[in-house]
Amino acid sequence: MSSKSGGAKKKRNETDRLITANRKARYNYTIESEVETGLVLTGTEVKSLREGKSNLEQAYAGEKEGELFLYNAYIAEYEKGNRFNHRPRRARKLLLHRRELNRLIMATRRQGMTLAPLRLYFNEKGRVKLMLGLARGKKMQDKREREKERSWQRDKARLMRAKRL
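Residues numbered from 1 in each chain as written. Predicted model: local features only at pLDDT ≥ 70, side-chain atom pairs only at ≥ 80, totals over all residues. Heavy atoms only, no water.

(A) Summary view of the pairing of strand 5 (residues 67–71). With respect to burial, strand 5 is a largely interior element, four of its five residues being buried. Across five bridges, the pairing between strand 4 (residues 60–64) and strand 5 is antiparallel. Bridging from a neighbouring strand, Tyr 60 pairs with Tyr 71 of strand 5. The turn joining strand 4 and strand 5, which pair antiparallel and follow one another in sequence, is formed by two residues; a positive phi near 55° is taken by Glu 65. Judged from the two bridges that link them, strand 5 and strand 7 (residues 92–95) form a sheet pairing that is antiparallel. Each residue of the ladder has a partner; that of Phe 69, found in strand 7, is Lys 93. (Buried < 20%, exposed > 50% of the residue type's maximum accessible area, 1.4 Å probe, protein only. Helix = DSSP H or I, 4+ residues; strand = E, 2+ residues; numbered from the N terminus. Pairing = 2+ DSSP bridges.)

Set out below in structure tokens:
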């Protein structure tokens, strides 16, 4: 029996269609593990996501009454929606197996970790999925060190190309 989110990483399918990604999450956090979750969405939210009108920049996941919710994720109102349109920044419930849910909640409580949304996409069945990262915040020093290392690698590659010519 294989588990999608257990220990083995699921390969990203070519059929998975990216809606939006939170690129700043990897800059601000060290991602310990990733978990694929489902979301409870309304029809107008899904239609708006199909048009690609969403943003995860300021979004975060948190616990409320034993459940996980996605807060502050922006999904634009559907233009052709009527009075039943959704609120753009409402809290959205995340769908996880109970054991996985308990593991994430305990990690945030005990170890002071954060649940950072990494990317929102449609899977091969056309369902909206959220890749959630169990993350630890980086210190400013770590960010500077990482930037210095990347800069050196870039300069080194540039020097090697110049030497070859």
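(B) The arrangement of the pairing of strand 9 (residues 128–137) in detail. Of all ten residues making up strand 9, seven are buried, and the element is well covered by its neighbours. Both strand 8 (residues 114–122) and strand 9 contribute to a ladder of eight bridges, which runs antiparallel. By the bridge assignment, Phe 122 is partnered in strand 9 with Val 128. Between strand 8 and strand 9, which pair antiparallel one after the other, the connecting turn spans five residues, and Gly 126 there sits at a positive phi close to 85°.

Nothing here speaks to function; it is geometry throughout.
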